[in-house]
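The residues making up each chain are set out below.
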Amino acid sequence: MTKIVLKSLKMINFKGAEDFKIDFGEWETFIYGRNGAGKSRIMDAYLWLLFGKDAQNRENYKVRTIIENEPLHHVECSVTGELTVDGELLTLKRAFNEIWATPKSEVEEVFKGNETLFYWNGTPISATDYKKRISQIMPEDILKIVTNSRYFCTMLKWDKMREYLMLMAGMPDEEEIFAANPELGKLKGLMAGKSFEDYKGMLKAQKKDLHDELATLDMKITQAKMVLKDNLICPMYGISCSDTTALERFKEGNGKDIVKRLVNAGRELAQQIAEIERQEMLIEKYCRAMVKAIEPRINALFSHVQFQLFEYTQDGKEVECCNPVMDGVPFGALNNEAQVNAGIDIINKFSEFYGVSAPLFVDNRESILNLCPTEAQTINFIVSKCDLQSRY
């Protein structure tokens, strides 16, 4: 397992911290401060150092120290962090610098924009290289999940949550799904060895082609009917026609037969579209059966939190979802302690599956009596009214 331990963070003119350094214990650190004292800035600094984003996933969001509604100019804005990765010391630095230049024939400098500089063990490197090296330690999403107990349940969309959970739980065998749902047997024959994604894509393309063809037929039928009602429009080409004799022959001769053939052809196309839609319904039933089969496998992964993969409307219709619950209570309705412990339960499983342990930040730790056990380095933020500035 890759073990990441945060040793220290140094902030210079970062979100109000003029020159602030904090050292962390290898297993646990407690940071005290009243609301607004800068506790959460520490987590923002760590995430910005790694990814250029804060705990709310906002990129370069007000990172410069602001005084009287104006960011400080002509000063360094940076975060430096010392970490160990499997015991090996790594020093990272990210600096957000202003670019100033003096135009020709001018005296005063003019602000030209910002640049971000990156350092790896003191060596300047490109943004691309920095991002690549971080991702080699662990992908961004995984590191965020194991760092923030609320990230998985509040920052990811439900389908992305379910994708991760299904990956960890493993997919049920297709034959088990077909055996438990005999009505899906026809689908197995229709697929003829194709994957579900390929088969769905094929049906989608066929359905589009048929709809396009049907639209063309409808236009021809409309034009033919217009001719039969004395409109001088050629039914086959859709253009004005001055040959009134030919139009009369069309109306008196096989005009009605042509319309009838076009209508019949349209019905055949509609039947083909209906057959494709029946196959799409079978695929949808299969997917629902697959999700229902995997739900108990997912919930067996966790000690406290559970996931509901379907919810039901008032008329009983199933709607796919991915809702975390604990003791039957939705995540959003849990108190702070329960939310944090549910998040740590998820983090523990992600750490085990992906083989990584990273610093875990726990906010409002003073309200948590029993913290879910974890092997991660834990950094606790505690509200303390008497502390005007953060202390540890």
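Residues numbered from 1 in each chain as written. Predicted model: local features only at pLDDT ≥ 70, side-chain atom pairs only at ≥ 80, totals over all residues. Heavy atoms only, no water.

Caption draft 1: Structural view of the overall build of the protein chain. Per the secondary structure count, the protein chain includes 11 helices and 15 strands. The C-alpha atoms of the protein chain give 32 Å as radius of gyration, which overshoots the globular expectation for 392 residues (21 Å, by more than 25%). Overall, the protein chain is about 95 × 75 × 40 Å in size when its C-alpha atoms are taken along their principal axes. Buried residues in the protein chain amount to 43% of all 392 residues. (Helix = DSSP H or I, 4+ residues; strand = E, 2+ residues; numbered from the N terminus. Rg over C-alpha atoms; globule rule 2.2 N^0.38 Å. Buried < 20%, exposed > 50% of the residue type's maximum accessible area, 1.4 Å probe, protein only.)

Caption draft 2: Structural view of the pairing of strand β1 (residues 2-14). In terms of burial, β1 is largely enclosed, as 10 of its 13 residues are buried. Strand direction decides the pairing type here: β1 and strand β13 (residues 356-357), joined by 2 bridges, are parallel. Within β13, the residue paired with lysine 3 across the bridge is serine 357. Bridge analysis of β1 against strand β6 (residues 78-85) gives 8 bridges, and the strand direction is antiparallel. Bridge pairing links isoleucine 4 to valine 85 in β6. Relative to strand β2 (residues 17-23), β1 runs antiparallel, the two sharing 6 bridges. Within the sheet, the bridge partner assigned to lysine 10 lies in β2 and is lysine 21. Where β1 hands over to β2, the hairpin turn is made up of 2 residues, of which lysine 15 adopts a positive phi near 50 degrees. (Pairing = 2+ DSSP bridges.)

Caption draft 3: Spotlight on the packing of helix α1 (residues 39-51) against helix α3 (residues 140-147). At a minimum axis distance of 12 Å, the contact between α1 and α3 shows a crossing angle of 165 degrees. Considering their axes alone, α1 and α3 lie roughly antiparallel with respect to each other. Our pair here, α1 against α3, has a crossing hand that is right-handed. Along its contact with α1, which presents Met43, Tyr46, Leu47 and Phe51, the element α3 presents Glu140, Leu143, Lys144 and Thr147. Residue composition of the contact of α1 with α3, by class: 5 nonpolar, 1 polar and 2 charged. (Axes fitted to C-alpha atoms, helices over the stretch in contact; angles between N-to-C directions. Parallel < 35°, antiparallel > 145°, perpendicular 65-115°, else oblique. Left-handed = near helix turned anticlockwise from the far one by under 90°. Contact = heavy atoms within 4.5 Å. Nonpolar A, V, L, I, M, F, W, Y, C, P; charged D, E, K, R; others polar.)

Caption draft 4: Quick look at the environment of leucine 360. You can see leucine 360 is positioned in strand β14 (residues 360-362). Given the relative accessible area of 0%, leucine 360 is considered buried. Taking the C-alpha atoms as reference points, leucine 360 and alanine 376, separated by 16 residues in sequence, lie 6.3 Å from one another. Those residues in contact with leucine 360 that lie beyond four places of it in its chain are Val146, Thr147, Asn148, Ser149, Ile344, Ile347, Thr374, Ala376, Gln377, Thr378 and Ile379.

Caption draft 5: Representation of the packing of aromatic side chains. The tally for this structure, following the rule as stated, stands at 12 aromatic pairs. Where tyrosine 46 meets phenylalanine 361, the ring centres are 5.4 Å apart and the plane angle is 40 degrees; that geometry is what we call tilted. You can see tyrosine 46 sitting in helix α1 and its partner phenylalanine 361 sitting in strand β14, a full 315 residues away along the chain. Phenylalanine 361 carries the same exposure label as tyrosine 46, and that label is buried. Members of the aromatic cluster, each reached through a chain of ring pairs, are Phe152, Tyr164, Phe302, Phe307, Phe350, Phe353 and Tyr354. Just above the ring of tyrosine 119 sits the side chain of lysine 93; from NZ or CZ to the centre is 5.4 Å. The ring of tyrosine 164 has lysine 160 lying over it, and the distance from NZ or CZ to the ring centre is 5.1 Å. (Phe/Tyr/Trp six-rings, centres within 6.5 Å; stacked < 30°, edge-to-face > 60°. Lys NZ or Arg CZ within 6 Å of the ring centre and 35° of its normal.)

Caption draft 6: Focus on the sheet that holds strand β15 (residues 378-383). The parallel open sheet is built from 3 strands, whose spatial order is β3-β15-β14. In the strand order of this sheet, the two ends are held by β3 (28-33) and β14, each with one partner. Put simply, the sheet's adjacent strands are angled 20 degrees from each other on average, direction ignored. Of the strand pairs in this sheet, β14 and β15 are connected by 3 bridges, and their pairing is parallel. Each residue of the ladder has a partner; that of phenylalanine 361, found in β15, is isoleucine 379. Sitting on the sheet, α1 touches β3, β14 and β15, and the angle it makes with β15 is about 150 degrees.

Caption draft 7: Representation of the pairing of strand β10 (residues 305-312). With 7 bridges connecting them, β10 and strand β11 (residues 318-326) associate as antiparallel partners. Bridging across to β11, glutamine 308 finds its partner in asparagine 323. What sits between the antiparallel neighbours β10 and β11 is a turn of 5 residues, in which glycine 316 has the positive phi angle 85 degrees.

Caption draft 8: Here's a closer look at the nonpolar core. By size, the foremost hydrophobic cluster in this structure holds 77 residues, and its most contacted members are Leu9, Phe152 and Phe307. Examining the composition of this core, we find that 9 residues originate from one element, α1, more than from any other. Apart from residues no more than four positions distant in its own chain, phenylalanine 307 is found in contact with Phe152, Met161, Leu165, Glu295, Ile298, Asn299, Phe302, Cys322, Asn323, Pro324 and Ile346. (Core = buried A, V, L, I, M, F, W, Y, C linked by side-chain atoms within 4.5 Å.)

Caption draft 9: Molecular detail of the pattern of salt bridges. Summed over all chains, the structure comprises 16 salt bridges. Lysine 53 is the partner of glutamate 140 in a salt bridge, and the nearest nitrogen-oxygen pair spans 3.2 Å. Residue glutamate 140 is found in helix α3, and its partner lysine 53 is found in the loop between α1 and β4 (66-67); the two are separated by 87 residues along the sequence. Accessibility expressed as a relative area gives 22% for lysine 53, which makes it partly exposed. Residue lysine 208 is joined to aspartate 212 by a salt bridge in which the shortest nitrogen-to-oxygen separation is 3.1 Å. Of this pair, lysine 208 and aspartate 212 both sit in helix α8 (residues 196-228), separated by 4 residues, roughly a single helical turn. Lysine 208 sits in the exposed class, given a relative accessible area of 53%. The network of salt bridges with shared partners includes Lys15, Asp44, Asp54 and Arg58. (Salt bridge = Lys/Arg side-chain N within 4 Å of Asp/Glu carboxyl O.)

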